Amino acid sequence: MSGAGAPSTQERIDGSGLKVVIVAGTWHETITDGLIAGATRTLDEAGASYSLVRVPGSFELPVVSKAALEAGADAVVALGVIIRGGTPHFEYVSAAATDGLTRVALDTGKPVGFGVLTLDDEAQGIDRAGLPGSKEDKGAEAAHAALATAITIRELRARTDLAL
């Protein structure tokens, strides 16, 4: 399981004043709904304001994430589920979503919490979706990462001692 090496606890974050958009695909509804629940719980606990936007699938996550950040969001939490099949489609969609979301973060200078699950089967997704009995909560982890990064960026931009 990929959770090896993860922090044992996630520090509480004060997300007051941060505007976050959760952008989530619609494929594999049970898994995706679990990811959304974990993300919203984390954002609620942090006091961040947020909205949810649904997109057809993981391929559409980058363009909608970019639009949300350009419209004024401080961060995005991108959630999707891609399950390997018998064709190369899995590799193409996984690469496009990953590369696209990375580009969005770099182009906008704003964080994108990466909650796109790339799986061999549905059981792996259930195990990572934060559902009762799941071993991991990747929606919560993605939201936590987006908030922590947004706060770090805000603090760096406010510092005057970094100017050369």
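Everything below is about the structure printed above this text.
Note that the structure is predicted; figures quoted are calculated from it, not measured. (Residues numbered from 1 in each chain as written. Predicted model: local features only at pLDDT ≥ 70, side-chain atom pairs only at ≥ 80, totals over all residues. Heavy atoms only, no water.)

1. Considerations on helix α3 (residues 89–108)
Our working rule: In this text, helices come from DSSP runs of H or I with a minimum length of four residues, and strands from runs of E with a minimum of two, each type numbered from the N-terminal end. In this scheme, a helix's expected span is set at 1.5 Å multiplied by one less than its residue total. Exposure categories follow from relative accessible area, calculated using a 1.4 Å probe and restricted to protein chains: below 20% of the type maximum is buried, above 50% is exposed, and the middle band is partly exposed. Throughout, the arc means the angular range of directions from the helix axis out to the C-beta atoms.
Taking 1.5 Å per residue, 20 residues should reach 28 Å; α3 reaches 28 Å between its end C-alpha atoms and fits that length. For α3, the set of buried residues is F90, V93, S94, A97, G100, L101 and V104. Each buried residue of α3 sits inside an arc of 145° when the element is viewed along its axis, so together they form one side. Opposite the buried face of α3, by more than 90 degrees, sit the exposed residues Y92, D99, R103, L106 and D107. One or two residues past the end of α3 sits G109, with phi positive at roughly 70°.

2. Considerations on the pattern of salt bridges
We apply this condition: Salt bridge, as applied in this entry: a Lys or Arg side-chain nitrogen positioned within 4 Å of an Asp or Glu carboxyl oxygen.
Inspection of the entire model under this criterion finds 10 salt bridges. Among the ionic pairs, R103 bridges to D107, the shortest N-O distance being 3.1 Å. Highlighted residues: R103 and D107, both in helix α3, separated by 4 residues, approximately one helical turn. It is possible to trace a salt-bridge network through shared partners that takes in R128, E136, K138 and E141.

3. What to know about the packing of helix α2 (residues 61–70) against α3
Filter applied, for reference: Axis lines are fitted through C-alpha atoms, for helices just across the contact stretch, and the angle between N-to-C directions can take any value from 0 to 180 degrees. For this classification, under 35 degrees means roughly parallel, over 145 means roughly antiparallel, 65 to 115 means roughly perpendicular, and everything else is oblique. Left-handed is the label given to a crossing in which the near helix is rotated counterclockwise from the far helix by less than a right angle, and right-handed is the label when the rotation is clockwise. It only takes one pair of heavy atoms within 4.5 Å for two residues to be counted as in contact.
Two elements in contact, α2 and α3, have axes whose closest approach is 8 Å; the angle formed by their N-to-C orientations is 15°. It follows that α2 is roughly parallel to α3 by the angle criterion. Crossing hand, α2 versus α3: right-handed. Here L61, P62, S65, K66 and L69 of α2 lie close against α3, whose contacting residues are A96, A97, G100, L101, V104 and T108.

4. A short note on the side chain of D137
Let me state the cut-off plainly: Side-chain atoms alone can form a polar contact between residues adjacent in sequence; in general such a contact is a pair of N or O atoms within 3.5 Å, and within protein one must be able to donate a hydrogen while the other accepts it.
Tracing the chain through its elements places D137 in the loop between α4 (122–128) and α5 (138–158). When its relative accessible area of 14% is taken as the criterion, D137 is described as buried. Polar side-chain contacts of D137 include one of 3.1 Å to the backbone nitrogen of A140. Not counting residues within four places of it along the chain, the set of residues in contact with D137 comprises G38, R41, R128, A129 and G130.

5. Section: α5
Over its 21 residues, α5 runs 30 Å from end to end, which matches the ideal 30 Å to within 8%, given 1.5 Å per residue. Every buried residue belonging to α5 is among K138, G139, A140, A142, A143, H144, A146, L147, A150 and I151, and all of these are buried. For α5, the secondary structure elements touched by its buried residues are β1 (19–24), α1 (29–46), β3 (75–83), β4 (112–119) and α4.

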